[in-house]
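# Chains, contacts and geometry: an overview
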Amino acid sequence: MKPVHWVGSSREDLKSFPTEVKRDIGFALDKAQRGDKHPSAKPLQGFGGASVLEIVENHEGDTYRAVYTVRFEKAQEDYEQWLKAGKP
């Protein structure tokens, strides 16, 4: 199983989500660690490929998002190109 490397406050942020959302996102991350992809994980727009994925969960009128990659070097390159293009 691949390890999870949390960035910044992401782990604490996830812990603050409602229980149902944490469960769904946690299940998707577990699948990613095992080399699989959860059906709700979609490529994050603006990164030019599937190296950065997003999970979107709706709960009681609110939307929760988690972003992850399983190919960090490629994702870092894509992110830097995205920043240079002035997308943020």
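The structure under discussion appears in the preceding block.
Below is a short write-up of the structure. Every chain is numbered independently, its residues counted from 1 as its sequence is written. Residues qualify for local features only when their pLDDT is at least 70, as the model is predicted, and side-chain atom pairs are given and counted only at 80 or more; totals for whole chains, interfaces and linings, by contrast, use all residues. To obtain the side-chain values, all non-hydrogen atoms of the structure were used and water was disregarded.

## Re the sheet that holds strand 2 (residues 52–59)
Pairing is antiparallel in the open sheet, where three strands are placed in the order 1-2-3. A strand with exactly one partner marks an edge of an open sheet, and here the two such strands are strand 1 (41–43) and strand 3 (62–69). Across this sheet, the average inter-strand angle for adjacent strands is 35°, counted without regard to direction. For strand 2 and strand 3, the ladder comprises eight bridges, and the chain directions are antiparallel. Each bridged residue has a counterpart across the sheet, and for Leu-53 the counterpart in strand 3 is Tyr-68. Criterion used throughout: strands pair if DSSP finds at least two bridges between them. Elements are defined by DSSP. Helices are runs of H or I of four residues or more, strands are runs of E of two residues or more, and each kind is numbered from the N terminus. Axes here mean lines fitted to C-alpha atoms, for a helix over just the part in contact, with angles spanning 0 to 180 degrees between N-to-C directions.

## Regarding unusual backbone geometry
Unlike most non-glycine residues, Glu-60 shows phi in positive territory, near 50°. If you trace the backbone, Glu-60 turns up in the loop between strand 2 and strand 3.

## A few points about the nonpolar core
Definition of nonpolar core: a set of buried residues of the types Ala, Val, Leu, Ile, Met, Phe, Trp, Tyr and Cys, connected through side-chain atoms within 4.5 Å. Each residue is placed in one exposure class: buried if its accessible area under a 1.4 Å probe, protein chains only, is under 20% of its type's maximum, exposed if it is over 50%, and partly exposed if it falls in between. The biggest cluster of nonpolar side chains holds 13 residues, and the ones touching the most others in it are Phe-17, Ile-25, Ile-55 and Tyr-68. Looking at this core, the elements with two or more residues in it are helix 2 (19–33), strand 2 and strand 3. Per-element accounting of this core gives the leading share, five residues, to helix 2.

## Overview of the pairing of strand 2
Among the eight residues in strand 2, six count as buried, and that is most of the element. Here strand 1 pairs with strand 2 via three bridges, running antiparallel. Within strand 2, the residue paired with Pro-43 across the bridge is Leu-53. Between the antiparallel neighbours strand 2 and strand 3 lie two residues, among them Glu-60 with a positive phi of about 50°.

## Let's talk about the side chain of Glu-54
The topology assignment puts Glu-54 in strand 2. Residue Glu-54 is classed as buried on the basis of its relative accessible area of 16%. Side-chain atoms alone can form a polar contact between residues adjacent in sequence; in general such a contact is a pair of N or O atoms within 3.5 Å, and within protein one must be able to donate a hydrogen while the other accepts it. Side-chain polar atoms of Glu-54 contact the side chain of Arg-65, separated by 3.1 Å. Residue contacts follow a heavy-atom distance rule, with two residues in contact if any of their heavy atoms lie within 4.5 Å. Not counting residues within four places of it along the chain, the set of residues in contact with Glu-54 comprises Ser-40, Ala-41, Lys-42, Leu-44, Arg-65, Ala-66 and Val-67.

## Observations concerning the side chain of His-38
Residue position: His-38 is located in the loop between helix 2 and strand 1. Of the polar contacts made by the side chain of His-38, one reaches the side chain of Ser-40; its length is 2.8 Å. Ignoring anything within four residues of it in the chain, the contact list for His-38 reads Phe-27, Ala-28 and Lys-31.

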